[in-house]
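The lines below spell out each chain.
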Amino acid sequence: MPATPTLLELPKGLLALMDRAQDVPETLASQGLPRRSFLKLATASGFALGAFPLAAMAQADGAVTAAASGLKATQQPGAFVHIARDGTVTVTINRLDFGQGVQTGLPMILAEELDADWSRVRSVHGNADPAYVDPVFGMHITGGSGSIKNSYIQYRELGARTRAMLVAAAAAQWQVAPSTLRTQGGSVIGPGGRKLGYGELADAAMRLPVPETVVLKDPKQFRLIGQPTGRLDARAKSSGGQGYGIDARLPGMLTAVVAHPPVFAGRIQSLDDTAAKAVKGVRAVLRVPLDRGGEGVAVVADGYWPAKLGREALKVEWDTAGVEKADSARLLASYRALAQQPGAVKYDADMSKLAGAPKKISAEFVFPYLAHAPMEPLNCTVRLSGEGAAAKAELWMGTQMPGLDAAAAARVLGVAPQNVSIHTQMAGGGFGRRAIPSSDYVVEACGVARAARMAGLDAPVRTLWSREDDIKGGYYRPMHLHRAEIGFDERGDILAWEHVIVGQSILKGSPFEAFMVKNGIDGTMVEGMKEPYEIPMKLSVHHPQVNVPVLWWRSVGSTHTAYVMETLIDEIARSTGQDPVAYRLRLIGAGHPRHQAALQLAVDKSGYGKRQLPAGRAWGVAVHESFDTVVAYVVEASVQDGTPRLHAVTAGVHCNLAVNPRSVEAQVQGAALMGLATCLPGAAITLKDGVVEQSNFGDYAVPRITDMPTMAVYIVPSADAPTGMGEPGLPPLAPAFANAVARLTGKTPRELPFKLA
Amino acid sequence: MAVNLTLNGKATSIDVDPSTPILWTLRDTLGLTGTKFGCGQALCGACTVHLNGSPIRSCVTPVAAAAGQKLTTIEALAQDKVGKAVQDAWVRHDVAQCGYCQSGQVMSATGLLMNNRKPSDADIDAAMAGNICRCGTYVRIRAAIHDAAQALA
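Residues numbered from 1 in each chain as written. Chains lettered and ligands numbered in written order. Predicted model: local features only at pLDDT ≥ 70, side-chain atom pairs only at ≥ 80, totals over all residues.

**Q** So what's going on with the overall build of chain A? Which residues, and what values?
**A** Each helix and strand counted, chain A has 20 helices and 28 strands in total. Over its C-alpha trace chain A gives a radius of gyration of 27 Å, about what one expects of a compact globule, namely 27 Å for 757 residues. Based on the C-alpha atoms only, the size of chain A along its principal axes is roughly 80 × 75 × 45 Å. Across the 757 residues that make up chain A, the buried fraction comes to 59%. Residue pairs at least 24 apart in sequence account for 78% of intrachain contacts in chain A once pairs closer than 6 positions are excluded. (Helix = DSSP H or I, 4+ residues; strand = E, 2+ residues; numbered from the N terminus. Rg over C-alpha atoms; globule rule 2.2 N^0.38 Å. Buried ≥ 20, exposed ≤ 12 C-beta atoms within 10 Å, placed from the backbone. Contact = placed C-beta atoms within 7 Å.)

**Q** Could you give an account of the packing of helix H2 (residues 81–92) of chain B against helix H5 (residues 138–152) of chain B, with specific residues and numbers?
**A** Relative placement of two packed helices is described by the angle separating their axes and the distance separating the axes. All names here are of chain B. Put simply, H2 and H5 touch, their axes get as near as 8 Å, and they point 130° apart. Here H2 is positioned oblique relative to H5, judged by the angle of their axes. Handedness of the H2/H5 crossing: right-handed. Residues Val82, Ala85, Val86, Ala89, Trp90 and Arg92 of H2 touch H5, and the partners they reach there are Ala144, Asp147, Ala148, Ala151 and Leu152. (Axes fitted to C-alpha atoms, helices over the stretch in contact; angles between N-to-C directions. Parallel < 35°, antiparallel > 145°, perpendicular 65-115°, else oblique. Left-handed = near helix turned anticlockwise from the far one by under 90°.)

**Q** Go over the interface of chain B and chain A, please, and point to the residues and values.
**A** Contacts between the two partners involve 44 residues from chain B, matched on the other side by 47 residues from chain A. Of all the secondary structure elements, the ones that give two or more residues to the side of chain B that touches chain A are helix H1 (22–29), H2, helix H3 (102–115), helix H4 (121–128) and H5 of chain B. With 4 residues, H5 of chain B is the largest single contributor of residues to the side of chain B that touches chain A. Each residue belonging to the side of chain B that touches chain A can be placed in one class, and the counts come to 23 nonpolar, 14 polar and 7 charged. (Nonpolar A, V, L, I, M, F, W, Y, C, P; charged D, E, K, R; others polar.)

**Q** Tell me what's going on with the domain arrangement of chain A, and back it up with residues and numbers.
**A** Residue and element names in this part refer to chain A. Along its sequence, chain A is organised into domain 1 (31–238), domain 2 (245–322 + 378–464) and domain 3 (339–370 + 475–745). For domain 2 versus domain 3, the distance between C-alpha centres works out to 38 Å. Contacts between the two partners involve 13 residues from domain 2 and, on the opposite side, 13 residues from domain 3. (Domains from an automatic or database assignment.)

**Q** For the packing of H2 of chain B against H3 of chain B, give the residues involved together with the corresponding values.
**A** All names here are of chain B. One way to put it is that H2 packs onto H3 with a least axis distance of 9 Å and a crossing angle of 130°. It follows that H2 is oblique to H3 by the angle criterion. Between H2 and H3 lies a crossing whose hand is right-handed. On the side of H2, the interface is formed by Val82, Gly83, Val86, Gln87 and Trp90, while H3 contributes Gln102, Val106, Ala109, Thr110, Leu113 and Met114.

**Q** Describe the environment of lysine 688 of chain A, with residues and values.
**A** All names here are of chain A. By the secondary structure assignment, lysine 688 is in strand E26 (residues 687–688). Linking lysine 688 and arginine 330, residues 358 residues apart in sequence, is a C-alpha distance of 9.1 Å. Not counting the four nearest positions on each side in its chain, lysine 688 is found in contact with Asp327 and Glu693.

**Q** Got a sec to walk through the nonpolar core? Specific residues and values, please.
**A** Residues and elements named next belong to chain A. One finds Val299, Val300, Ala409, Tyr633 and Phe737 to be the most contacted residues of the largest nonpolar core, which totals 275 residues. It is helix H5 (residues 147–174) that contributes the most residues to this core, 11 residues altogether. Residues contacting alanine 409, with those up to four places away along its chain left out, are Ala393, Leu395, Val420, Val442 and Cys446. (Core = buried A, V, L, I, M, F, W, Y, C linked by C-beta atoms within 7 Å.)

**Q** For unusual backbone geometry, give the residues involved together with the corresponding values.
**A** Residues and elements named next belong to chain A. Following glutamate 531, the chain continues to proline 532 via a peptide bond in cis, the omega torsion being 5°. In this structure, the amide linkage connecting leucine 752 to the following residue, proline 753, adopts the cis form with an omega of -10°. A positive phi angle, close to 55°, is found at aspartate 115, a residue other than glycine. Summarising the element assignment, aspartate 115 is placed in the loop between helix H4 (102–114) and strand E3 (121–125). Classification of aspartate 115 as buried rests on a count of 24 C-beta atoms within 10 Å. Notably, aspartate 628 is not glycine yet its phi reads approximately 70°, a positive angle. Structurally, aspartate 628 can be placed in the loop between strand E23 (617–626) and strand E24 (629–640). Owing to 21 C-beta atoms within 10 Å, aspartate 628 belongs among the buried residues under this scheme.

**Q** Outline the sheet that holds strand E7 (residues 254–259) of chain A, supporting the account with residue identities and numerical values.
**A** Residue and element names in this part refer to chain A. With mixed pairing, 7 strands are arranged side by side in an open sheet as E9-E10-E7-E17-E14-E15-E16. Only two strands of the sheet have a single partner each, and these edge strands are strand E9 (282–289) and strand E16 (420–424). Strand-to-strand twist of the sheet, defined as the mean angle between neighbouring strand axes without regard to direction, takes the value 25°. Bridge analysis of strand E14 (residues 379–385) against strand E17 (residues 461–464) gives 4 bridges, and the strand direction is antiparallel. When the bridges of E17 are listed, asparagine 379 appears paired with leucine 464. (Pairing = 2+ DSSP bridges.)

**Q** Requested: an account of the domain arrangement of chain B, with residues and values cited.
**A** All names here are of chain B. Assigned domains within chain B: domain 1 (2–76) and domain 2 (78–152). A separation of 20 Å is found between the C-alpha centroids of domain 1 and domain 2. Counting from both sides, the interface comprises 17 residues of domain 1 and, opposite them, 13 residues of domain 2. Those elements that provide at least two residues to the side of domain 1 that touches domain 2 are strand E3 (48–51) and strand E4 (54–57). Looking at the side of domain 1 that touches domain 2 element by element, the count peaks at 3 residues for E3. A per-class count over the side of domain 1 that touches domain 2 returns 7 nonpolar, 9 polar and 1 charged.

In structure tokens form, the structure reads like this:
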């Protein structure tokens, strides 16, 4: 997702959705911690923001004073910190962890200001409680690489407030002034070496008022933030002990798989379910409404296997007569024609010097649809109970936007929003697919659960997608076509750059449209164009309507804009006989010191320009900013028998302060591999007459260990507040690789995945 | 119909249709959810378990094939010296990100080290190429396997 909007910029539609989401009050913690009622507390204190299911305030029933302060729910330690009597500190994270490591990073931030004993810190997922909204966006969201960036101050303040309360409790017990006390390693230390552990103080501390203002540490005092720190879930994830949404098991639970129409928004023409119902273990075959007005057939069974066999035994004829059948070849032709016309204007520089420019590049780029394909197939488990106004719904799934999903579930199920509970589960990847404005897989699972209950099955239902459902199920990174006409001189000074982009809008029709689509231009499509270069650019865009659901895909617009910008800049350097690093540094200028620093670091560490490469190898360079972080790559590649191969990657990263450098390194390695993925054969979703042609990892290929280059990641030192890290490592990898290929072959690949004909 | 086998060292009788894949028998019938579903076609390796000590893809192997055999899943791997060494190396190197594929990765790596205590990079490539990781943990997987090999030496 693109740059962070302020709350004031949020549209009315989104605010309404958020309001609905925030109506959801007490939800039962899925983590098995004791449930305490805060409704009584809320009534007594006039504090009506809902309850904190994991609250440390649960340690102090009747702690009215703690809740009565003027702080927002997102600022109350009670919702985020639980200190057990044995000193174990449990931190609730306000995000989904789906691999990016925030279930370690956010507790580190809080524990830093708390002066906790890190060996006794744990973390749990929050839920759709209002305390767990993003403090900047004001809604529940894990996206836009914003988890650490937007919660850095929030979690530090939470830690500092908790610490101040513990100090106050110790001061009261010892009857000394708080200023005479200090904290270290999970204890308050007083005059004469007296010591009380946080576990001993927690109950008393949480009855005290929450301080509204706290003084935060100078970054020079940090002991934990900035230290390479092991993940809290490393053991569980190495031993099969980590539970994910797909692993949720409820008593009597049934499993559903859904036969989806072959064309998006298709409906059932006729259904013969005789053979499916005869499969042992199949309990029901149900017609269910699907996303986009489509219709599907759910087979509900005792487990996944009989459900799958039942689905295979269905005889369905689909009605697709009334829906558009998108076709990649036809789309490409129509996009190409559109790109000849100017579209909605983003930048409007003077193009009069284009015609007479001494040197010119005319280029067309094509990017395919891409599936996210997270390793954990999409799933959602729904338990319904009660009737009428007392009807309740509980949902278990990994989701990046639990608030919107809760609102969608309430709508589909006809359940009051406050009766919908979300149990956020660790997710096996997502890359954007679990942040879905339409809540497609949640809506589908709710539709299945509702239909099952109406058919007399009073059981929780897990709706589980197969890999084929995932690959064929839509919500892809959109297909794009770029056209560029560039005029420049012998020095490489750019005189005019005319550029058109064609691609579906991700946000049109979504709750985000009103504040992220401006003047007909979807901001996620043009992010990453032009900056940081001072270029006279005329940029316009077209957003055709196509019957293919699209969505943000890790690093969103920069997946294509970085490629186009960085390969064209490199081509200008090469065609004017200039070193691509020196050329970039000159063109970037002094206004972008973080770009300069990241690029210089990657250059210095890689040995670029100093080290002789083995025969047949070439250097490739690219630098790009996304989500406020700059990543530069210097790579080594070769082309053997027409096949490009990436051998080595050196990264220079400017993410300001790296909270957990180990996590930053992992994010860069992983994002680089995903960038590489877009270059390799098989990285394309294509449609033929409305039907997606790929189905599984056999024909939608993703990188394997044999594709992985050696990687070295370097971080520019900084004490400034951290910027995004989940996505910025992706965009510059593909263009750096392409630039090396261009040096070897004389030709820049202009279609992804690479096609060297 | 019952299928009898030795599961994680214990004689086990499972009431299941013998044509059901081992994966779904483990996950849905027995509640052993450490073994993961990724593709259902032996393309990603997330479902890897050991049949008589050798890695197999449980999503395409009917449970009948394990009748009378020894089946080991990630849940019991720490009982094996090699498996424990691999898991410890995985923790030291912080291999996991989302972690979803890692049960399968650890099972494949353990299978490799059981037969080859000093694998080369090429050996690792050959043994691990069937296991997909979307988070891109391959650099650390390689390092952790070398590290586990050292620890076992």
